[in-house]
Each structure stands twice: as structure tokens, then as C-alpha cells.
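Here are the chains, one letter per residue:
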Amino acid sequence: MDAVAPIYKKQIDRECKIKLGEARAAWNAAQDMAAAETAGAILATIAPEASCFGEVRSLNNKIAARVKVIGEREYRYQLKEQAQE
């Protein structure tokens, strides 16, 4: 059992790097709501014990900030349309 823990740790660290790369690629491809959903779904599958989880959290925060900007922009546009009616 003592040999399993380091192997497990290496496995989740490897998966973290792979999934983080996939999430970054998805996000960098478009940086829109669809890309945010795709990247978020990938990031959600990464184990919190992984060594690169700090980078995962950072990317997640970056995506969240951009989604907030997009949402506010759409909301202002809808308000403007309603005001014109």
C-alpha cells in the first residue's frame, strides 16, 4: 500500500497537466460563453490534490472574470434595446 500513494500522486499530477492544457486550449480558442463552459467542464474533473491545482484555480478565476464581463455587456445591450422600444 505504501507504494500506491506516490503512484497515485504522479497519476493525478499527470492528468492535471493534460486536462489543464485541454482547458487552456478550449478557452484560448474562443473566449466566449461556449468556450467557458467547455473549459469549465474540463477543469471540474481535475483532482484538488493535484500539484497544478493552483494553476487550475487561476484559469478558473480568469474565465469567471471574462464571463462576468460578457454577461454585463449582454445585459446592458438588452436594457438599451428595451429603452429604445
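Refer to the structure above for everything that follows.
These lines cover the structure that appears in this document, whether it is placed above or below. (Residues numbered from 1 in each chain as written. Predicted model: local features only at pLDDT ≥ 70, side-chain atom pairs only at ≥ 80, totals over all residues. Heavy atoms only, no water.)

Structural notes on helix 3 (residues 53-84)
Test applied: In this text, helices come from DSSP runs of H or I with a minimum length of four residues, and strands from runs of E with a minimum of two, each type numbered from the N-terminal end. Helices are assigned an expected span. That span is 1.5 Å times one less than the residue count. Only protein chains enter the calculation, and the probe is 1.4 Å; a residue is then buried if its accessible area is under 20% of its type maximum, exposed if over 50%, and partly exposed in between. Two residues qualify as a contact provided that any one of their heavy atoms is within 4.5 Å of a heavy atom in the partner residue.
For helix 3, which comprises 32 residues, the first-to-last C-alpha distance of 46 Å matches the rise-based estimate of 46 Å (1.5 Å per residue) to within 8%. When we look at burial in helix 3, the residues that qualify are Phe-53, Val-56, Leu-59, Ile-63 and Ile-70. For helix 3, the secondary structure elements touched by its buried residues are helix 1 (4-30) and helix 2 (33-43).

Re helix 2
Formally: The directions from the helix axis to the C-beta atoms are what the arc is built from.
Looking at helix 2, one finds that the buried residues are Ala-35, Ala-36, Ala-39, Ile-42 and Leu-43. Buried residues of helix 2 fall within an arc of 130° about the axis and therefore sit on the same side. Here the buried face of helix 2 lies against helix 1 and helix 3.

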